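One letter stands for each residue in the lines below.
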Amino acid sequence: MNDTRDFIVERAFCLFLQRGYEGISIRDIQEAVELSKGAIYHYFRSKEDIFGEAMDRYLLPAIQTLPEALESESATPLRDAMDASLGWRDAYIARLRQITEQKGDDFRFFRLLFQVGEYYREFHDKLVAGLATERERWRRALTLAVDRGEIRGNTDQELTLTLLMAVPVGLGLKAAVYTGLSIAVLRDVYERLYRTLV
């Protein structure tokens, strides 16, 4: 990608996070990146385009719990997938902390998540497609875990899939409201869930 384009998207995301879609104009973005309006329009056709790219880059990944397929040859494919998920989420939270500046951004992040569908119609379809792909990654890890004797064969895989995917988002929302995002609580819940499966 282009460094200038990336910078515009990053700064715009921070603005959208702080004030929501309607609270931001192209002029606000222009002032935040210290570029002319023409320079911004060189990279983007509209505020909507900037918003869409910012949501794809910074908001859509927040919903992911297992963004990469794992081909584990180990005896513990589910443990590997959980560890990969936790590592990815920890790195993602750290990246968000680097680009956002103000206290309360965790809560604003979820507020923006609830607004995005109003202004970026494609977001829903991308989210649904991403979640379906991710569900299959978790399903593969669970199937391998049963086949290799890592977890019990009578494990309710559908319930486990639902928990593996929903718990991070639910805990994230709770933490955003009360304490701020942290991977420690999710790590503990995943560990307890894992112990019920072995």
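Since we're looking at a predicted model, the values are computed, not measured.

Further remarks concern the packing of helix H8 (residues 157–178) against helix H9 (residues 183–197). Relative orientation of the contacting elements H8 and H9 amounts to 165 degrees, with a least axis distance of 10 Å. Between H8 and H9, the crossing angle belongs to the class labelled roughly antiparallel. The two elements H8 and H9 meet at a crossing, and its hand is right-handed. Two secondary-structure elements touch here, H8 through Thr160, Leu163, Leu164, Val167, Pro168 and Leu171 and H9 through Val185, Leu186, Val189, Tyr190, Leu193 and Leu197. Across the contact of H8 with H9, the residue classes tally to eleven nonpolar, one polar and no charged.

When two helices pack together, their arrangement is given by the angle between their axes and by how far apart the axes lie. Between helix H5 (residues 77–99) and H9, the least distance of the axes is 11 Å, while the angle of their chain directions is 170 degrees. By the angle class used here, H5 and H9 are roughly antiparallel. Here Leu78, Arg79, Met82, Ser85, Leu86, Arg89 and Asp90 of H5 come into contact with H9, specifically with Ile183, Leu186, Arg187, Tyr190, Glu191, Leu193, Tyr194 and Leu197. Classifying every residue of the contact of H5 with H9 gives nine nonpolar, one polar and five charged.

Backbone geometry at Glu34 places phi at a positive 55 degrees, although glycine is not the residue there. Structurally, Glu34 is set in the loop between helix H2 (26–33) and helix H3 (37–43). Residue class for Glu34 comes out exposed when judged on its relative accessible area of 70%.

Here we take up the layout of surface pockets. Quantified by volume, the largest pocket comes out at close to 330 Å³. In terms of lining, the largest pocket is formed by 22 residues, of which the most central are Leu171, Gly172, Ala175, Leu181 and Ser182. The set of elements that each furnish at least two residues to the lining of the largest pocket consists of helix H4 (47–63), H5, helix H6 (105–119), H8 and H9. Take the lining of the largest pocket: its biggest share by element is seven residues, from H8. Tallied by class, the residues present in the lining of the largest pocket amount to 16 nonpolar, four polar and two charged.

Core analysis: the biggest nonpolar cluster contains 38 residues, and Phe13, Phe16, Ile29, Ile50, Met55 and Phe109 have the highest contact counts within it. At the level of secondary structure, the elements contributing two or more residues to this core comprise helix H1 (3–19), H2, H4, H5, H6 and H8. Per element, the largest residue contribution to this core is nine residues, and it comes from H4. Excluding anything up to four places from it in sequence, Ile29 contacts Ile8, Ala12, Leu15, Phe16, Ile24, Ile40 and Ile50. Core analysis: the next-biggest nonpolar cluster, separate from the first, contains 20 residues, Ala81, Leu161, Tyr190 and Leu193 among them.

Among the secondary structure elements, Arg79 is positioned in helix H5. For the pair Arg79 and Trp138, spaced 59 residues apart in sequence, the C-alpha separation works out to 11 Å.

With that settled, consider the environment of Asp83. In this structure, Asp83 sits in helix H5. Residue classification places Asp83 among the partly exposed positions, given a relative accessible area of 40%. The sequence separation of Asp83 and Leu66 amounts to 17 residues, and the corresponding C-alpha distance is 9.8 Å.

Quick notes on the rules
Residues numbered from 1 in each chain as written. Predicted model: local features only at pLDDT ≥ 70, side-chain atom pairs only at ≥ 80, totals over all residues. Heavy atoms only, no water. Axes fitted to C-alpha atoms, helices over the stretch in contact; angles between N-to-C directions. Helix = DSSP H or I, 4+ residues; strand = E, 2+ residues; numbered from the N terminus. Parallel < 35°, antiparallel > 145°, perpendicular 65-115°, else oblique. Left-handed = near helix turned anticlockwise from the far one by under 90°. Contact = heavy atoms within 4.5 Å. Nonpolar A, V, L, I, M, F, W, Y, C, P; charged D, E, K, R; others polar. Buried < 20%, exposed > 50% of the residue type's maximum accessible area, 1.4 Å probe, protein only. 1 Å grid on protein atoms, 1.4 Å probe; cavity = no way out; pocket = protein on both sides within 12 Å on 5 of 7 lines; lining within 4 Å. Points joined across faces, edges and corners; volume = space filled by probe spheres on them. Core = buried A, V, L, I, M, F, W, Y, C linked by side-chain atoms within 4.5 Å.

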